[in-house]
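Per-entry structural report
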Amino acid sequence: MILSRKEYDQLIAAANEDARDAETLRRSIARVKSGEEETFSGAEVDAFLAAKTPLAFFRKKRGMSQDDLAKRTGITQGYLSEIEIGRKSGDVQTLRKLADALKVSLDSLVPEVPTDDGTQRARTKKRKAS
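A brief report on the enclosed structure follows. Only a predicted model underlies this, so the values are computations on that prediction, with no experimental measurement involved. In this convention, every chain numbers its residues from 1, walking through the sequence in written order. The model is predicted, so local features are restricted to residues of pLDDT at least 70 and side-chain atom pairs to those at 80 or more, both for listing and for counting; the totals for chains, interfaces and linings are taken over all residues. Hydrogens are left out, water is left out, and the side-chain values use all remaining heavy atoms of the structure.

Here we come to the overall build of the chain. A count of helices and strands for the chain gives seven helices and two strands. Residue contacts follow a heavy-atom distance rule, with two residues in contact if any of their heavy atoms lie within 4.5 Å. Contacts spanning at least 24 positions in sequence make up 35% of the contacts within the chain whose residues lie at least 6 apart. Surface accessibility follows the Shrake-Rupley procedure with a 1.4 Å probe radius. Residue values consider only the protein chains on display as shielding. Taken as a whole, the chain presents about 9900 Å² of accessible surface, with 52% of it coming from carbon and sulfur. A run of H or I in DSSP counts as a helix once it spans at least four residues, and a run of E counts as a strand once it spans at least two, with each numbered from the N terminus.

A few words now on the packing of helix α4 (residues 66-73) against helix α5 (residues 77-84). The relative placement of two packed helices is expressed as an angle between their axes plus a distance between the axes. With their axes 9 Å apart at the nearest point, α4 and α5 run at an angle of 110 degrees to one another. Taken together, the axes of α4 and α5 are roughly perpendicular relative to one another. Judged by residue contacts, Gln-66, Asp-67, Leu-69 and Ala-70 of α4 engage Gln-77, Leu-80, Ser-81 and Glu-84 from α5. Three residue categories are used. Nonpolar comprises Ala, Val, Leu, Ile, Met, Phe, Trp, Tyr, Cys and Pro, charged comprises Asp, Glu, Lys and Arg, and polar comprises the others, including Gly. A per-class count over the contact of α4 with α5 returns three nonpolar, three polar and two charged. To get an axis, a line is fitted to the C-alpha atoms, and for a helix only the part in contact is used. The angle between two axes follows their N-to-C directions and goes from 0 to 180 degrees. Every angle not falling under 35 degrees, over 145, or within 65 to 115 is termed oblique; those three ranges are roughly parallel, roughly antiparallel and roughly perpendicular.

Treat this as a map of the structure, not an account of what it does.
Following this line, the structure appears as structure tokens:
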């Protein structure tokens, strides 16, 4: 079999892409094994999508009551409830304490909302004009 230079280059490029993909997979598996990343079952994905906020999902996944989590983070259960249902957004310090207590990243607790162009962005509170 004889390949043109173009076909050979395409074959080498595909092999290099496969090698990069295999390395990405290897690193991902290592992060899961080390506990740095967690995986979710189909039922957990459904629960995440159904949850009012990521905070509510992760609290329940960790088997914690609102009262337990509130005590661990030094906030009231009522304030936690309002953050969980999206009525209040919580300040960065509070969200950091919640993320640490739940052993998730801060980004994991900030729900994303669709933008006009179909991409996702973190939900932010709009300020009233003064």
